[in-house]
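Structure at a glance
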Amino acid sequence: MLTQPECQRIFDIAWKAARSLGADDVELLFHSNEESLTRFANNAIHQNVSERGTGISVRPQAGLRTARAETNRLDAASIAAAVETAMAILRSRDEAPSLLPMAGPAPVPVIARFSQRTAAITPLQRAEAVRDVVAIARSAGQTAAGAFSVNQTADALINSRGVHCHHEQTLATFSVTMMEESSSGWAKGSAVDIGDLDPAALAADASRRAVLSRNPREIDPGRYTVILEPAAVLDLAGQMFPDFSGTAIEDQRSFLTDRMNQQVFGSNITITDDAGHPLQSGTPFDGEGVPRRTLQLVDSGVPREVGWSRSAAARHGLDPTGHGLPLPNDIGDAVMNVVIAGGSHTVDQMIRETKRGIWVTRFWYIREVDPYAKVMTGMTRDGTFLIEDGEVACGIRNFRFNQSLVEMLNNVEALGSPVRASGEEYMDMVVPAMKINGFNFTEVTRF
Amino acid sequence: MKDTALRALDLAVRTGVSYADVRLVSARDRILSTKNGQIAQASASESLGLGIRVLKSGAWGFAATDDLSAAGIEACAKRAEGIATASAAVMCQPVHLAAEPPARAVWISPCGVDPFAIPVDQQVALLLAADAELRREKGITLAEASLEIVRTRQIFLSSEGADIDQTRTTTGCGMWCHAFGDNEIQKRSYPNSFGGQHQLRGWDLVEDIRLVENAPRVASECVALLSADQCPETEGSLILDSSQLALQIHESIGHPIELDRVLGTEANYAGLSFLTLDQLNTLRYGSPIVNAVCDATPAHGPGLGTFAFDDEGVAAQRTPIIRDGQFVGYMSSRETAGVLGQQRSNGTMRASGWHRLPLIRMTNVSLEPGESTLEQVFDAEHAIYMETNRSWSIDDRRYNFQFGCEIAWEIRDGRHVRMLKNPTYGGITTEFWNNCQAIANRDHWTLWGTPNCGKGQPEQVMGTGHGASPARFSRVRIGGGYGC
């Protein structure tokens, strides 16, 4: 992993090369990772991988021109060659009137997100965890499939105006699907500290869902009350957060265009973007080295704030919020650490209080149907249940939905306690389970 | 590069494994884009690294590194061996590889005019010109254009004696625009969504696309969509342009025929397939005019899935998938070919880079041209004709799908009678293909590139190719998703 002194050494080489080629400033992004992942299926490990890599990305700036070049060769000649490549592109482009001078230094909070015991997990320890999960599957007459990954990353940003940010973190993730002849169940978790991740408990949860959803019934599509597990909330609601971007609103490609500071969602919906939240992960600085500020994205149903990069904020007379992407880019800004405020309901309580509804474990293949109404389509997967008279009546065949997120977040009846959720369709977020009325299932599939 | 790869192979073999292969990959790219008259992206990258895959005690291990020092490579080889040892602790059956004669070859994909030799300012000027043409249309609120060129050289060595040096150059180019008004956002892309067209070609691809010449029509359609009629909700005849049909093929033929998915190894993530092994040679996948192949050979065309050898050293092949409507083939690997009773893999193992393990991936999965003229495809009393993908979703066994397109037209008696916005259609895979009524001939066949296919954990994004010509389908559910 790249240390801070190594980053400084590389920066010095790049800055010297950039100055000699006429750059006014230079910025370097550093990323190094060690990622190990064990995949299992059919109750056996079938893929087991480890990768180590380090890359730098150099951005010189001269007047109103900038460009970027990346390399993973860290000898002096390769670093200088990357600078030359970036300078050659820079000279070939027109001036960008909205390009600002590089950011100056600002205090960036140090957030401890590195666990030594997570980093020290060995392939054999991962295999032992998988063996225990397979034992749970075999004892239930089920077949297990999943993945156990352990990542450690180091990210840094240094520029010639004095910005020097560095962040290290670990993340362990375990995902498991338990399958029976006619059904399946799924669970997934992630944590900075491996001690906060319990593969056996996740496997037991997935196993229980596979049992509960045996011999699924086919019921008619239509509008139903749904209870969404946090992973389902994450994957579906997550689709709207790229729109919480100042540049997206400026481009008129966000569903929040002409909707800021209006009652867009129900008054029980409050959302922040908080890089410092104890259940969050990621860097506390953005792609230009600006510290991430906590944003009140939605306050009691009213969109109040969005992320702003330095240049987009300047165009609107605002302060940047620390959500800019590395320059040059076409997206501008993005929120990365979403936290949806919750309530006090447990999922069990939501089920007990439901006369007739659908309980959803996870969603799959979610895509946008309409960008302004924010209608999304997708499927349920790995554990979808009919609730009748406050109890789980049976598993049901999977549904396709076509649902406006704006409408959905006006129909939230109850909220659970927020947890760190992991899905497959959007980055990890801190979200609660939700009970939602009038959710629109439009088709049913064959299983 | 070759010496480094040889050293890695030697070190891997010395760890006592029964099989080893090494892929040393050098990759280079250039990405340029514009947005509303300004340069948005201007970047280049280079990377070099290697991946070592080993079999020990019948179990796989894989490790990758970009530390190409002697110590770095040795550590990588030992890591791969250690991982294989751990894998063997939770194993059902030892891996058996189908035999493959070790190839020794050098192959460089033809790319016409080298796209890296074209000056950046010339490339930027073209994108800016297209961007400007789009914005000449009143009502366009966002205009963008992009170019992405990639060159990858890979040296593949195996303990069986394979020695393959392969270089591929791909180019992708396109433009798109948005119009916002009256609480809706409309978009048009050219020549396709997903950043345009992508092929195993050079600068000549960009010249063929003719961005600037097409920009006025694309922009005009985009603005017109704001006032077009909503696509009705109905069941009836559907005509798809070749780019949308390419994605339909990708999702409802390409993914289901991945044998690893069929055998359950993607159950936790990408999902399973409805094409269980008992369906081979028994399932009527489509109507008798439906013929599909998986073809990585250069003779099929310059697709994103065209190569000389796959990433476990198996020569590119052409495999029939659907013949006269009958399901006849899967995509396989050396590990899985034996499940089908086949002596040899059909060569579809691909990795997204030096750092990732090869998986069964689509190469070029294409619908063969039909015999109809374009006029015959459109010769319907009533139909909806859709162009250019906007959204795509299919269940995790690949039965139920729903697609949205950017634009549609109502067709009456073979003629376009009105533009329709927000078109969608959906169905069940085999029902859809069995309702295929007409496929246009080779004059209208295009080998499209899909640059963003995701699969595997850690996820690997791969480029795949899909040849298609416009086709007509009957009894299709049209217009769903907007009645909510």
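Residues numbered from 1 in each chain as written. Chains lettered and ligands numbered in written order. Predicted model: local features only at pLDDT ≥ 70, side-chain atom pairs only at ≥ 80, totals over all residues. Heavy atoms only, no water.

**Topic: the nonpolar core**
Where we set the bar: As used here, the term nonpolar core means buried Ala, Val, Leu, Ile, Met, Phe, Trp, Tyr and Cys residues forming a set that is joined through side-chain atoms within 4.5 Å. Buried residues are those whose accessible area, probed at 1.4 Å on protein chains only, stays under 20% of the maximum for their type, while exposed residues exceed 50% and partly exposed ones sit between those limits. Contact definition: two residues touch when any of their heavy atoms are within 4.5 Å.
Core analysis: the largest hydrophobic core is formed by 58 residues, its most contacted members being Leu28 and Phe30 of chain A together with Met175 of chain B. Each residue touching Met175 of chain B, except ones within four places of it in the same chain, is listed here: Ala130, Leu134, Glu144, Ala145, Arg188, Ser189, Tyr190, Leu211, Asn214, Ala215 and Val218 of chain B.

**A few points about the interface of chain B and chain A**
Heads up, the rule is: The term buried area refers to how much accessible surface (probe radius 1.4 Å) is lost by two components on association, counted for both of them together. Just to be clear on terms, a salt bridge is a Lys or Arg side-chain nitrogen sitting within 4 Å of an Asp or Glu carboxyl oxygen. By the criterion applied in these results, polar contacts are pairs of N or O atoms within 3.5 Å in which, for protein atoms, one can donate a hydrogen and the other can accept it, and in which residues neighboring in sequence qualify only through two side-chain atoms. A helix here means a DSSP run of H or I that spans at least four residues, while a strand means a run of E at least two residues long, and both kinds are numbered starting from the N terminus.
Facing the 79 residues of chain B at the interface are 81 residues of chain A. Buried surface at the junction of chain B and chain A, both sides included, amounts to about 6900 Å², of which 52% is carbon and sulfur. Across the chain B-chain A interface, the total number found is seven salt bridges. At the boundary of chain B and chain A, one finds 43 residue pairs in polar contact (both at pLDDT 80 or more). Top contributing element to the side of chain B that touches chain A by residue count: strand β2 (residues 38–56) of chain B, with eleven residues.

**A short note on the domain arrangement of chain B**
Residues and elements named next belong to chain B. How we decide: Each domain's extent is set by a domain assignment, obtained either automatically or from a database.
If you check the domain split of chain B, you get domain 1 (2–227) and domain 2 (230–478). For domain 1 and domain 2, the distance between their C-alpha centroids amounts to 21 Å. With 49 residues of domain 1 at the interface, the matching set in domain 2 holds 49 residues. Of all residues in domain 1, Arg23, Glu100 and Phe194 give up the largest surface area on contact with domain 2, accounting jointly for 16% of the area buried on that side. Connecting domain 1 to domain 2 are six salt bridges. Residues Glu184 and Lys421 are paired through a salt bridge, measuring 2.7 Å at the closest nitrogen-oxygen approach. Where domain 1 meets domain 2, there are 27 residue pairs in polar contact (both at pLDDT 80 or more).

**Some details on the domain arrangement of chain A**
Residues and elements named next belong to chain A. Per the domain assignment, the segments making up chain A are domain 1 (4–196) and domain 2 (216–447). For domain 1 and domain 2, the distance between their C-alpha centroids amounts to 25 Å. Counting residues at the interface gives 37 residues for domain 1, matched by 33 residues for domain 2. Here domain 1 and domain 2 share an interface that buries about 2600 Å² over both sides, 59% of which is from carbon and sulfur atoms. A per-residue breakdown of the area domain 1 buries against domain 2 is headed by Leu100, Arg113 and Trp186, which together make up 24% of the total. Put simply, domain 1 and domain 2 have one salt bridge between them. Glu424 is the partner of Lys188 in a salt bridge, and the nearest nitrogen-oxygen pair spans 3.2 Å. In this assembly, domain 1 and domain 2 are joined by 16 residue pairs in polar contact (both at pLDDT 80 or more). Those elements that provide at least two residues to the side of domain 1 that touches domain 2 are β1 (25–41), β5 (143–159), β6 (164–179) and β7 (184–191).

**Thoughts on unusual backbone geometry**
In this structure, Pro328 of chain A follows Leu327 of chain A across a cis peptide bond, with omega equal to -10°. The topology assignment puts Pro328 of chain A in the loop between α8 (310–315) and β12 (338–340). Residue Pro191 of chain B follows Tyr190 of chain B across a cis peptide bond; omega there is -5°. Assignment of secondary structure puts Pro191 of chain B in the loop between β7 (184–190) and β8 (197–199). For Gln252 of chain A, which is not glycine, the phi torsion reads 60° and is therefore positive. Here Gln252 of chain A lies in the loop between α7 (246–250) and β9 (271–273). A residue is classified by how much of its surface remains accessible, and Gln252 of chain A, at 25% relative accessible area, is partly exposed. One non-glycine residue, Asn36 of chain B, lies in positive phi territory at about 45°. Relative to the helices and strands, Asn36 of chain B resides in the loop between β1 (19–35) and β2. On the accessibility criterion, Asn36 of chain B (31% relative accessible area) is partly exposed.

**A short note on the sheet that holds strand β13 (residues 326–327) of chain B**
All names here are of chain B. Formally: Two strands form a pair only when DSSP identifies at least two bridges running between them. Each axis is a line fitted through C-alpha atoms, and for a helix only the stretch in contact is used; angles between axes span 0 to 180 degrees, taken between their N-to-C directions.
Here four strands make up an open sheet; going across it, the order is β13-β12-β11-β16 and the pairing antiparallel. Strands with a single pairing partner mark the edges of an open sheet, and in this sheet they are β13 and β16 (365–367). Bridge count for strand β11 (residues 292–295) against β16 is three bridges, and the pairing is antiparallel. What sits directly across from Ala292, in β16, is Leu367. Helix α6 (residues 242–254) contacts β11, β12 (318–323) and β16 of the sheet and is inclined by roughly 120° relative to β16.

**Details of the pattern of salt bridges**
Throughout the structure, instances matching the rule amount to 63 salt bridges over all chains. Linking Glu34 of chain A and Arg52 of chain A is a salt bridge whose minimum nitrogen-to-oxygen distance equals 3.6 Å. Of the two residues, Glu34 of chain A is situated in strand β1 and Arg52 of chain A in strand β2 (residues 44–62); the sequence distance between them amounts to 18 residues. Relative accessible area serves as the criterion here: at 22%, Glu34 of chain A is assigned to the partly exposed category. Overall, the relative accessible area of 32% leaves Arg52 of chain A in the partly exposed class. Of the charged contacts, one joins Asp204 of chain B and Arg201 of chain B as a salt bridge, the two residues approaching to 3.4 Å between their closest N and O atoms. Using a relative accessible area of 17% as the deciding quantity, one classes Arg201 of chain B as buried. What emerges from the salt-bridge pattern is a single network uniting Arg188, Arg217, Glu221, Glu387 and Glu406 of chain B.

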